[in-house]
Amino acid sequence: MDLLNQSKFLQDAVMERQRQESLGFGQEFDDQNSEWEWSAYLTRLATRSLVKTPSASTDMETYKRDLVKVAATAMAAYESICRKESK
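Residues numbered from 1 in each chain as written. Predicted model: local features only at pLDDT ≥ 70, side-chain atom pairs only at ≥ 80, totals over all residues. Heavy atoms only, no water.

Draft legend 1. Focus on the packing of aromatic side chains. Counted under the stated rule, the structure contains two aromatic pairs. Ring geometry for Phe-25 against Phe-29: centres 5.0 Å apart, planes inclined by 80 degrees, an arrangement best described as edge-to-face. Judged by its relative accessible area of 29%, Phe-29 is partly exposed. Summarising the aromatic geometry, the rings of Trp-38 and Tyr-41 are spaced 5.8 Å apart at their centres and angled 85 degrees between planes, so their arrangement reads as edge-to-face. Within this pair, Trp-38 and its partner Tyr-41 are both found in helix α3 (residues 35-52), separated by three residues, close to a single helical turn. Exposure remark for Trp-38: the relative accessible area of 5% places this residue in the buried category. (Phe/Tyr/Trp six-rings, centres within 6.5 Å; stacked < 30°, edge-to-face > 60°. Buried < 20%, exposed > 50% of the residue type's maximum accessible area, 1.4 Å probe, protein only. Helix = DSSP H or I, 4+ residues; strand = E, 2+ residues; numbered from the N terminus.)

So, in structure tokens, the structure goes:
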């Protein structure tokens, strides 16, 4: 287990989530999404750098950034589901 990389990944995901919120994608927006919409968002984010580069030469830096965005978006989905359950 590489704790240094995991720590950086989590820190980057939290920073990305804060960026998303600063753009207006906060609780109010999040809570309007269904499980299907969250799944679509996550799938698109997880695969977009692969779709743009159909060859085996995927840009790993772009892919890593997209994975951070997936984690941040998954965080938002999880928090939204928890809020909905507590109502």
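Draft legend 2. Region of the structure containing the pattern of salt bridges. In this structure the tally under the stated criterion is seven salt bridges. With its nearest N and O atoms 2.8 Å apart, the salt bridge here joins Asp-31 to Arg-83. With Asp-31 in the loop between α2 (27-30) and α3 and Arg-83 in helix α4 (residues 60-86), this pair connects stretches of sequence that are 52 residues apart. Linked by salt bridges that have partners in common, Arg-17, Glu-21 and Asp-30 make up one network. (Salt bridge = Lys/Arg side-chain N within 4 Å of Asp/Glu carboxyl O.)

Draft legend 3. Looking closely at the layout of surface pockets. A volume near 330 Å³ is recorded for the largest pocket. What lines the largest pocket is simply Asn-5, Lys-8, Phe-9, Asp-12, Met-15, Glu-16, Glu-61, Lys-64, Arg-65, Leu-67, Val-68 and Lys-69. Listing elements by their share of the lining of the largest pocket, those giving two or more residues are α1 (3-22) and α4. The class makeup of the residues in the lining of the largest pocket is four nonpolar, one polar and seven charged. The volume enclosed by the second largest pocket comes to roughly 280 Å³. (1 Å grid on protein atoms, 1.4 Å probe; cavity = no way out; pocket = protein on both sides within 12 Å on 5 of 7 lines; lining within 4 Å. Points joined across faces, edges and corners; volume = space filled by probe spheres on them. Nonpolar A, V, L, I, M, F, W, Y, C, P; charged D, E, K, R; others polar.)

Draft legend 4. Structural view of the environment of Tyr-41. For Tyr-41, a relative accessible area of 28% corresponds to the partly exposed category. Ignoring sequence-local partners within four residues, the contact set of Tyr-41 consists of Phe-29, Asn-33 and Thr-73. (Contact = heavy atoms within 4.5 Å.)

Draft legend 5. The side chain of Asp-30, seen in detail. In this fold, Asp-30 is placed in helix α2. Polar contacts involving the side chain of Asp-30 include one to the side chain of Arg-17, which spans 2.4 Å. Each residue touching Asp-30, except ones within four places of it in the same chain, is listed here: Arg-17, Phe-25, Trp-38, Ala-76, Ser-80 and Arg-83. (Polar contact = N/O pair within 3.5 Å; in protein donor to acceptor, adjacent residues only side chain to side chain.)

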